[in-house]
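# Survey of secondary and tertiary structure
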Amino acid sequence: MKVPFLNLKAGYDAARDDIETAVLSSLRSGWYIGGEDVASFERAFAVFCGARVGVGVANGLDALHLSLRALGVGPGDEVIVPSNTFIATWLAVSQVGATCVGVEPDYATCNIDAARIPAAITTRTKAIIAVHLYGQPCELDKIGAIAAEHGLTVLEDAAQAHGATYRSVPIGGHGNPVAWSFYPGKNLGALGDGGAVTTDDESLAERIRMLRNYGSRERYVNEVVGYNSRLDPVQAAALSAKLRHLPVWNARRRAIADLYQRGLADVDVILPHPVEGATSAWHLYCIRTDLRDEMRQRLEGHGVETLIHYPIPPHLQDAYRSLGLGRGTFPIAEKMAETLLSLPIDPMMTDEQVQHVVDSVRSIAGLRN
Ligand SMILES: *Cc1c(COP(=O)(O)O)cnc(C)c1O
């Protein structure tokens with residue numbers, strides 16, 4: 001049996017009529033930048049997240065970058081970022097000319113360890129980026145309390161967390177600006193690149209709308225040095241159509257995660273640790289084992305495709321060599337990079353495929369003693 005890591009074609013087919021109706025109507029409208037398709041997706045997505053406003057942008061990295069700029073973060077500032085995250089979280093900080101200050105993850109949840117944040121705060125610290133990695137919400141109440149005490153802004157990176165909840169409130173509804181990605185492989189993915197920022201702060205939204213549009217609110221009047229970073233109407237139309245399917249797809253991800261949690265409970269690997277008071281969006285299902293590379297190879301022999309999120313932490317990338325953060329700087333993130341293995345959790349997987357993954361891992365890993 002073959003189990004691909006992600007079957008985007010099957011996901012497309014599951015919503016094909018809705019997507020094609022929406023996209024065709026957008027194509028035939030004669031309106032190809034901004035307009036009603038973008039505005040109506042922005043409204044629908046904000047409602048879905050429990051936020052007051054949504055602003056579509058070109059991708060998730062720009063959602064982070066434009067948010068930081070709109071929040072006034074710039075050269076000389078420090079931003080606290082998780083040491084265990086996708087590189088884009090760090091890149092956004094660098095793009096505004098600020099400095100990344102890494103903080104180690106909690107060993108159980110893989111998300112930024114709130115208890116370690118205070119020690120990383122200096123007089124230059126401006127913001128904390130809380131990344132809901134793998135779809136698991138981070139401890140927003142603890143992070144929010146630390147931020148409030150030190151007068152810092154929290155920006156959430158929810159590129160992997162569409163539909164996750166924390167303390168029964170959807171991610172997006174906790175009062176912080178939130179950056180989203182609609183990269184095709186995310187829980188809500190476009191037919192290409194896309195992103196958004198959601199916020200309750202209308203003036204922040206207004207600054208991001210200006211930044212995404214050459215720094216201009218009124219045509220040919222430029223108030224700041226901006227960018228061209230807009231969400232295409234065709235993508236917005238497709239996203240509106242897919243958003244209606246998202247609750248069902250996320251429920252399927254939860255069901256698969258549940259089958260994994262139960263089927264692998266006695267196996268000698270570390271399973272994802274559910275965050276207390278939270279519902280994960282289960283963007284990824286990451287197990288950990290010291291025999292990761294061997295496990296990956298043997299699963300491939302069973303027809304099971306796996307990936308590693310992520311094999312090299314940001315601080316060890318050549319791009320960040322100038323920070324001088326060598327091996328050993330963030331040992332927990334480094335250990336995660338060496339042991340994490342993402343099993344397929346595509347909502348289009350059949351129960352038989354899920355069972356095959358469970359059986360394969362069981363046959364390779366052995367039981368815990
Ligand atoms: C995907 C991702 C991004 C970047 O989104 P793009 O749309 O690919 O630019 C940022 N942060 C995290 C955690 C991501 O997973």
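Please refer to the structure placed before this passage.
Residues numbered from 1 in each chain as written. Predicted model: local features only at pLDDT ≥ 70, side-chain atom pairs only at ≥ 80, totals over all residues. Heavy atoms only, no water.

### What about the pairing of strand S14 (residues 340–343)?
For clarity, the cut-off: Burial status follows relative accessibility: with a 1.4 Å probe on protein chains alone, a residue under 20% of its type maximum counts as buried, one over 50% as exposed, and anything between as partly exposed. Each helix is a run of DSSP H or I of at least 4 residues and each strand a run of E of at least 2, with the numbering of both proceeding from the N terminus. Paired strands are those between which DSSP finds at least two bridges.
Taking every second residue as pointing to the same face, both faces of S14 are buried, with Leu340 and Ser342 on one and Leu341 and Leu343 on the other. Pairing analysis gives four bridges linking strand S13 (residues 285–288) to S14, with the strands arranged antiparallel. Each bridged residue has a counterpart across the sheet, and for Tyr285 the counterpart in S14 is Leu343.

### Here we look at the nonpolar core
Keep this limit in mind: As used here, the term nonpolar core means buried Ala, Val, Leu, Ile, Met, Phe, Trp, Tyr and Cys residues forming a set that is joined through side-chain atoms within 4.5 Å. The contact rule is simple, with two residues in contact once any of their heavy atoms fall within 4.5 Å.
Membership of the largest hydrophobic core comes to 40 residues, with the highest contact counts inside it found for Leu68, Val79, Val93, Ile129 and Ile208. Of all the secondary structure elements, the ones that give two or more residues to this core are strand S1 (53–57), helix H4 (60–70), strand S2 (78–82), helix H5 (87–95), strand S4 (125–131), helix H7 (202–211) and helix H11 (331–339). It is H4 that contributes the most residues to this core, five residues altogether. When near neighbours in sequence (up to four residues on either side) are disregarded, Val79 contacts Val73, Val93, Ala98, Thr99, Cys100, Val101, Ala127 and Ile129.

### Side note on the side chain of Ser216
Take Ser216: it is sitting in strand S10 (residues 216–218). Judged by relative accessible area, Ser216 falls into the buried class, the value being 6%. Leaving out residues up to four positions away in the same chain, Ser216 has contacts with Met210, Val221 and Asn222.

### Side note on the state of the cysteines
Stated formally: Whenever a pair of cysteine sulfur atoms sits within 2.5 Å, that pair is classed as a disulfide.
The full count for this structure, using the stated rule, is zero disulfides. Not part of a disulfide, Cys49 finds its nearest cysteine sulfur in Cys138, a span of 15 Å. Cysteine Cys286 is unpaired, with the sulfur of Cys110 as its nearest cysteine sulfur at 6.8 Å.

### Section: the site of the ligand
Basically, it comes down to this: The cutoff for a nearby residue is simple: one of its non-hydrogen atoms must lie within 4 Å of the molecule or strand. Whenever two N or O atoms come within 3.5 Å, that pair is a polar contact, provided that in protein one can donate a hydrogen and the other can accept it, and provided that, for residues adjacent in sequence, both atoms are side-chain atoms. For the accessible areas, the method is Shrake-Rupley and the probe is 1.4 Å, while residue cover comes only from the protein chains on display. Every definition here rests on a 1 Å grid over the protein atoms only: cavities are sets of points where a 1.4 Å probe fits but cannot get out, pockets are open sets enclosed by protein on both sides within 12 Å along at least five of seven lines, and lining residues have some atom within 4 Å of a point. More than half of a molecule's atoms lying within 2 Å of a cavity's or pocket's grid points is what places that molecule inside it.
In the region of the ligand, the neighbouring residues are Asn59, Gly60, Leu61, Phe86, Ala88, Val131, Asp157, Ala159, Gln160, Ser181, Tyr183 and Lys186. In the model, an oxygen atom of the ligand is placed 2.9 Å from a nitrogen or oxygen of the Leu61 main chain. Here a nitrogen atom of the ligand and a side-chain polar atom of Asp157 are 2.8 Å apart. Here the ligand, which alone exposes 380 Å², has 92% of that area covered by the protein. The pocket occupied by the ligand, as judged from atoms lying within 2 Å of grid points, is the largest pocket.

These figures come from the coordinates and say nothing about function on their own.
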